[in-house]
Amino acid sequence: MLPDTTPILIVGAGPVGLSLAGDLGWRGVGCTLIEKTDGAIVQPKMDMVGVRTMEFCRRWGIAKDVEYSPYPRDYPQDNVWLESFTGFEFGREPMVSKAEEPKPPQSPQKRERCPQDMFDPILRKFVGTMADATVAYETELVDFTEDSDGVTAIVRTGMGDTRKIRAGFLVGTDGAASTVRRKLGIKMHGKPVLTYTTNVIFRCKDLPSLHDKGKAYRFIFIGPEGTWLTIVAIDGADRWRMSIVGSKEKREVPEEEIHAYIRRAMGKDFDYEIESVMPWVRRQLVASSYGTNRVFLAGDSCHLTSPTGGFGMNTGIADAIDLAWKLEAVHKGWGGPHLLPSYTIERKPVAIRAVTEAGRNLGRMLATRTKAPPPVAFETGPAAEAARKVYGDWYTETMKPEWFSNGIHLGYTYYHSPVVCPDGSQAPVDDVSDPVQTGRPGHRAPHIWLYDGRSSLDLFAKGFTLIRFKAEVEVEALLNAAGQMGIPVTLVDLFDEAEMRDLYGADLSLVRPDGHVGWRGDTVGADSEKILSVVSGHKKSQEAEIPPDLVDGEIAGAREGMASSALKA
C-alpha cells in the first residue's frame, strides 16, 4: 500500500535503490521505494559484488546469503584470451573459484560472484524485513516539485491511476535515463560514447564439454582485427552473456549476424538458444552535481561507466551508504546544514576515479585493436606457438589491473570533505591493486583482526563510534557534548590492541556511521564541540566546493588539493 507521506521517497529499485532503502530501514528511517517495472531481470547487468559492498552486506547480516547464492562456489574464475573455443588460446589469468579465493588482508570479506538476478532478490528480502521500508513495483514517477520543506511527487500505479506522495526528500536511483536527473536539469560530463555494444544472453547446456578450454568466467576473443567479442559465464551452468563489443560507430546488429558471431566464437556449429538481445552504449560520464537541497541522485543516475572492472553498481551502493546516514541525521534532527551538501563533494571524486579506471580497463581490453596478433599466430607449428606465447604474455600483463582492483573499492578518500577533520597527514599511495590501509581522516577505517576473532569493522555502530586505545585518555567531554547535541556516539575501548592503534595512527579515532574516519587525535580537550560540529555538518572544517566536472573522461581537478590542514573555528 502506497503511503500519502514518507520521510524518504526512492525512485528505482535496482541494487542501488534497494541498498538505500535497506540501509535507511536498518537505521530506523521510514522510506518508500518505487519501481516502474515488475522487478524482473531479463539481462543481469552486473555479476560482481565488490569487497566494500560485501562489507556493507556483512554489516546488514546478509553476507552469507550473497556468498551462498545459486552461483556455484566451485566454478573456476579464469579469464582466457583466445581465437575461438575450438581455436588457438593466447593466454589466461588463472583464478580460483570463489570457495578457494582467500580474503584480502585489507578486509574481512572478499569480492563475490553473484549476478544481478541472484543479488537483487537477496536485497529485496533484506528490505522486506524492515518495518520502516515500503516497496511498490509497477509504480512510476511522473513528476515532482521541490520546496523548502520537502518534495511532492506524482506517481502512476500499475492500475493507471495517479497519486501524490509528499516526502521530506527524494532520491533518484533510476538509472542512466534518470527521470529525476532530467527533471533537475543536471548535465552529465565526460565521454558519451565509448562503444556501441550488443549483449546477447544465450543458453547452452554444458558448453565447456564442446571445447578444450575448460571452465572459465570470462573469454575474450581476439582475431586479426583485435578484440571483437567477450563471453561470460552468467550462472556457472547454462546461461552465457555474449557481448559484441562494437566501436563508436552506431549500428544495429541483425539477427543473422548475431548467430554468425556465436558460431565464430565456438568455431563450429552447435546447439544453443538465444534468450534475449540488448543493445547498449558504453559511456564514461559523471553528473555535474548529485542533487539539490532535497532531491539527490545515486548510482547510474549520476555516473555511467564501462563495466570493465565491475565498478558501476558497487560505486552506486557506496553512494547509497554515504547518503543514508546523512539523511538519517537530518531527518532525526542532529545533522547540520553542511551535511547533505557534502554528499556531492565526497562522492563525485569517487565516481570520477572509478569511471576513469574503468575506461583505462576498456583501453587495455581493446589494446589488441592497435596491436593485433601477427598473422603467424593463427597458424600451426613452432613459430606460431612462440608468437602466441609472446602475444599472450603481453596481453596477460596488460589486463592484470582489471582483475586485481581492490584499491578502487577500498582506497578512496573523503579527506577533502567539509564534514571531515583533516589532520595534515600525508595520503598513502593510491594503489589500484593493493590498497594501503590508513586511519587518516576521510579514509575507510582500516580492517584488522582482533584478538577475539572479530574484525575491527564489526565494532562500528549505526551512529559514530569513538575508539579509544589508552585508558588514561579522557573522553568524557566529547561524550557529554555528543549527548547535549543529540549526536549518537558509542565508545569502544581497545586497550590491548597495539597493532590496531598503530594502524589507526592515534589514541582516539572517531569513525562515522558509514565506516569512514571523521577525526583522529591523541586528546580531545576543549575541541570536543568543534569536532562534533564538523562531523555532524553544523560547521565546515574547510572550504570544499563541488569537484570539477569530468572532461574528456579524465579527472579535472585535484582531490587532495581541495583540503585544508586546519579546523575552522
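A brief look at the structure comes next.

Attention shifts here to the overall build of the protein. Scanning the protein for helices and strands turns up 13 helices and 21 strands. For 569 residues, the compact-globule formula gives about 25 Å, and the C-alpha radius of gyration of the protein, at 25 Å, lands near that figure. Its C-alpha atoms give the protein principal-axis dimensions of roughly 80 × 60 × 40 Å. Taken across its 569 residues, the protein has 59% of its residues classed as buried. For the protein, contacts bridging at least 24 residues in sequence account for 74% of all contacts bridging at least 6. Carbon and sulfur atoms form 51% of the exposed surface of the protein, whose accessible area is close to 22100 Å². The averaged location of the 77 negative side-chain charges in the protein is 2 Å from the averaged location of its 67 positive side-chain charges.

Further remarks concern the pairing of strand β21 (residues 517–521). Side chains on a regular strand alternate between the two faces of the sheet. In terms of residue burial, β21 counts as a mostly covered element, since five of its five residues are buried. Judged from the four bridges that link them, strand β20 (residues 508–511) and β21 form a sheet pairing that is antiparallel. Across the sheet, Val511 pairs through a bridge with Val517, a residue of β21. Here β20 hands over to β21 after five residues, with Gly515 in that stretch at a positive phi of 85 degrees.

Roughly 430 Å³ of volume is contained in the second largest pocket. Sorting the residues of the lining of the second largest pocket by element identifies β11 (188–203), β13 (226–233) and β15 (273–287) as the ones contributing at least two each. Each residue belonging to the lining of the second largest pocket can be placed in one class, and the counts come to nine nonpolar, five polar and six charged.

Hydrogen bonds between backbone atoms are what pair the strands of a sheet, whose relative direction is either parallel or antiparallel. Spatially, β5-β4-β12-β13-β14-β11-β15-β17 is the arrangement adopted by the eight strands of the open sheet, whose pairing is mixed. Both outer strands of the open sheet, β5 (89–93) and β17 (303–304), are each paired with one neighbouring strand and no more. Relative to β15, β11 runs antiparallel, the two being bridged by 13 bridges. Residue pairing across strands places Ile201 opposite Ser276, the latter belonging to β15.

Thresholds, definitions, all that
- Residues numbered from 1 in each chain as written.
- Predicted model: local features only at pLDDT ≥ 70, side-chain atom pairs only at ≥ 80, totals over all residues.
- Heavy atoms only, no water.
- Helix = DSSP H or I, 4+ residues; strand = E, 2+ residues; numbered from the N terminus.
- Rg over C-alpha atoms; globule rule 2.2 N^0.38 Å.
- Buried < 20%, exposed > 50% of the residue type's maximum accessible area, 1.4 Å probe, protein only.
- Contact = heavy atoms within 4.5 Å.
- Areas by Shrake-Rupley, 256 points an atom, 1.4 Å probe, with all protein chains shown as cover.
- Lys, Arg positive; Asp, Glu negative; His and termini not counted.
- Charge placed at Lys NZ, Arg CZ, Asp CG, Glu CD.
- Pairing = 2+ DSSP bridges.
- 1 Å grid on protein atoms, 1.4 Å probe; cavity = no way out; pocket = protein on both sides within 12 Å on 5 of 7 lines; lining within 4 Å.
- Points joined across faces, edges and corners; volume = space filled by probe spheres on them.
- Nonpolar A, V, L, I, M, F, W, Y, C, P; charged D, E, K, R; others polar.

What is shown is where atoms sit, not what they do.
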